[in-house]
Amino acid sequence: MGTLSFPQKGGPMTELEKIISRIDSFRDEMIDFQIQLCAIPAIAPASGGEGEVKKAEILLDFLKKNGLSSIDVIKTPDLDAPTDYRPNILALYKGKDSSKTIWVMTHMDIVPPGELAQWKGDPFKAWVEGGKIYGRGVEDNQQDMVASLYAVKAFHEEGLKPNYDIGIALVADEETGSEKGIDYVLSHSHAFRKQDLIVVPDAGNEEGTMIEVAEKSLLWLKFRTEGKQAHGSTPEKGINSFRAASFLVTELNKLYNTFPDKDPLFDPPISTFEPTKKESNVPNINTIPGEDVFYMDSRILPRYTIEEVIKSINTTTTKIEKEFKVKIFLEETQKAPAAPPTSADAPVVQALKNAIKDIYKKDGKATGIGGGTVAALFRRANFEAACWAKLDETAHQPNEYCIIDNMMGDAKVFAHIFLQE
Ligand SMILES: [Zn+2]
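Residues numbered from 1 in each chain as written. Predicted model: local features only at pLDDT ≥ 70, side-chain atom pairs only at ≥ 80, totals over all residues. Heavy atoms only, no water.

Brief notes about the overall build of the protein chain
And step 1. From N to C terminus, the protein chain includes eleven helices and 18 strands.
And step 2. Carbon and sulfur atoms make up 51% of the accessible area of the protein chain, which totals about 18,400 Å².
And step 3. When the 49 basic and 63 acidic side-chain charges of the protein chain are each reduced to a single mean position, those positions are 3 Å apart. (Helix = DSSP H or I, 4+ residues; strand = E, 2+ residues; numbered from the N terminus. Areas by Shrake-Rupley, 256 points an atom, 1.4 Å probe, with all protein chains shown as cover. Lys, Arg positive; Asp, Glu negative; His and termini not counted. Charge placed at Lys NZ, Arg CZ, Asp CG, Glu CD.)

A short note on the coordination of the zinc ion
Six octahedral donors around a metal ideally sit at 90 or 180 degrees from one another, while four tetrahedral donors ideally sit at 109.5 degrees.
And step 1. Within the protein, the zinc ion binds to H107 (NE2), D140 (OD), D202 (OD) and D202 (OD); these donor distances fall in the range 1.9 to 2.5 Å.
And step 2. Because the angles between the four donor atoms bound to the zinc ion fall within 53 to 148°, the donor set is best described as irregular.
And step 3. Its relative accessible area of 2% is what places H107 among the buried residues. (Donors = N, O, S within 2.8 Å, 3.2 Å for Na, K, Ca; no water. Tetrahedral: all angles 85-135°; square planar, octahedral: opposite > 155°, others 65-115°. Buried < 20%, exposed > 50% of the residue type's maximum accessible area, 1.4 Å probe, protein only.)

With respect to the state of the cysteines
And step 1. Counted according to the given criterion, the structure contains zero disulfides.
And step 2. No disulfide involves C38; its sulfur sits 11 Å from that of C402, the nearest cysteine.
And step 3. Residue C38 is classed as buried on the basis of its relative accessible area, which comes to 1%. (Disulfide = S-S within 2.5 Å.)

A few points about the packing of aromatic side chains
Working definition: an aromatic ring pair is given by the centre-to-centre distance plus the angle between the planes.
And step 1. Scanning all chains against the criterion turns up 18 aromatic pairs.
And step 2. Ring geometry for W127 and Y134: centres 5.3 Å apart, planes at 10°, overall stacked. Like Y134, W127 is buried.
And step 3. On the numbers, 5.6 Å between centres and 55° between planes, the contact of Y134 with Y401 is tilted. Taken together, the residues Y134 in strand 5 (residues 132–134) and Y401 in strand 18 (residues 401–403) connect sequence positions 267 residues apart.
And step 4. With a relative accessible area of 9%, Y134 lands in the buried category.
And step 5. Accessibility expressed as a relative area gives 15% for Y401, which makes it buried. (Phe/Tyr/Trp six-rings, centres within 6.5 Å; stacked < 30°, edge-to-face > 60°.)

Re the sheet that holds strand 18
And step 1. The sheet built from three strands is open, its strands ordered 4-5-18 with antiparallel pairing. Of all the strands in the sheet, the pair left with one neighbour each is strand 4 (127–129) and strand 18. Ignoring strand direction, the axes of neighbouring strands in this sheet form an average angle of 25°.
And step 2. Of the pairings in the sheet, the one linking strand 5 to strand 18 comprises three bridges and is antiparallel in character. Paired with I133 across the strands is C402, a residue of strand 18.
And step 3. In the packing of helix 11 (residues 404–419) onto the sheet, the strands contacted are strand 4, strand 5 and strand 18, and the crossing angle to strand 18 comes to about 60°. (Pairing = 2+ DSSP bridges. Axes fitted to C-alpha atoms, helices over the stretch in contact; angles between N-to-C directions. Contact = heavy atoms within 4.5 Å.)

Re the side chain of T373
And step 1. Tracing the backbone shows T373 in the loop between strand 16 (365–369) and helix 10 (375–380).
And step 2. Relative accessible area serves as the criterion here: at 14%, T373 is assigned to the buried category.
And step 3. Excluding residues that lie within four positions of it along the chain, T373 makes contacts with A203, E212, E215, R379 and C387.

Some points on the packing of helix 2 (residues 27–38) against helix 11
And step 1. Closest axis-to-axis distance for the helix 2/helix 11 pair is 11 Å, and the angle between their directions is 110°. With respect to their mutual orientation, helix 2 and helix 11 come out roughly perpendicular. In the crossing of helix 2 with helix 11, the sense of the turn from one axis to the other is right-handed. In this structure, helix 2 contributes R27, M30, I31 and Q34 to the contact, and helix 11 contributes I404, D405, M407, M408 and A411.
And step 2. Looking at the contact of helix 2 with helix 11 residue by residue, the class counts come to six nonpolar, one polar and two charged. (Parallel < 35°, antiparallel > 145°, perpendicular 65-115°, else oblique. Left-handed = near helix turned anticlockwise from the far one by under 90°. Nonpolar A, V, L, I, M, F, W, Y, C, P; charged D, E, K, R; others polar.)

So, unusual backbone geometry
And step 1. Note the cis peptide between D140 and N141, where omega equals 15°.
And step 2. Its place among the elements puts N141 in the loop between strand 5 and helix 4 (142–158).
And step 3. The omega torsion across D267 and P268 is -5°, close enough to zero to call that bond cis.
And step 4. When you line up the elements, P268 lands in the loop between strand 11 (266–267) and strand 12 (272–278).
And step 5. Unusually for a residue other than glycine, S178 sits at a positive phi of about 70°.
And step 6. Since its relative accessible area comes to 3%, S178 is described here as buried.

Observations concerning the environment of L219
And step 1. As for its position among the elements, L219 is in strand 9 (residues 217–226).
And step 2. Considering only alpha carbons, one finds L219 and E174, 45 residues apart in sequence, at a separation of 20 Å.
And step 3. Contact partners of L219, with chain neighbours within four places excluded, come to M296, D297, S298, I300, I306, V309, I310, E332, Q334 and K335.

Brief notes about the environment of D173
And step 1. With respect to the helices, strands and loops of the structure, D173 is situated in the loop between strand 6 (164–171) and helix 5 (182–188).
And step 2. For the pair D173 and I43, spaced 130 residues apart in sequence, the C-alpha separation works out to 8.7 Å.
And step 3. Discounting chain neighbours no more than four positions away, the residues touching D173 are E52, R86, D109, S178, E179, K180 and G181.

As structure tokens, this is what we get:
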């Protein structure tokens, strides 16, 4: 299995050993619960679904049956949902000391399955094959939702009190921006406190070693270059926007030299400036294109501001405009400055490292990534959240799967954290 299993030889079982062996006994039940959750597709109304209310009912039932108290449903108004709201659940499992809460937050919503022909089976009738559960949502985010719930259930069935309160947060709307999910919860609840540990198991790597603590700023730009259309045989009567844009795109590559700093916390350690999407211009070969549109995806280390990058880009576009007698229009398609990072020494990072070491026999590493995670919303609200899970990252793909051993191992990691001093 590769994860710690108990009982091992000799001696009375420790609390951790008892909890781990209890979690192991839930294996089949956890698989069944995954299949049950998968059958209730919680797709956001914005993506053509009904939202999370039906899934929330099953989860609320689980929480009530397994010793969780102060179960609170925070309802975000949403007129596009059949029930007019999106549910966000916060529940506590009481520990010996309530001065801090150890939270695990997962999201209930899933993305649509995409093209069904690409699936080997029905994405909403999860199936088990070769140690994996297949189905939409089984990894993102049910693997760790189920893991966190059964970690709590293990305490309940063992009659064990953790040192601190355990907080289970099951939120809506993660896949379409979190506005009706954790974003709303953070501004309508005082459940989270500065001293709390907040684990968000919605990003990770295959080894279970990546503890995500920081992110780069994100900048998506649209470059529209306007020249003058002409017949292919008389280019002198037009202005070739495609040529100008091609010089522009190579010139933009110099951003790598203008913003060259490296930060080993991040993977990759540099800021990136990549031309990506290209819109088609003229449909035929014998026309000089009058308009050209391409896009750039930039992930910028937090030490640089988005504004200084845009300023540098503006200098470049002005130069190209003069040189080629075109007009270049810059549009910010998306702009998200990096949230303040969680410190690599934060208690939540240390707790995760301890647990990863004991359960997976690996060294966890605090890492910054280029993509945004939902933990950034906590960080903007001044909470030190960390993203961690052992994942194959099949999220959003056809034939999404959850490795059953990852679900079991992650449950043990959460339980380990709950038992830490
Ligand atoms: Zn997710």
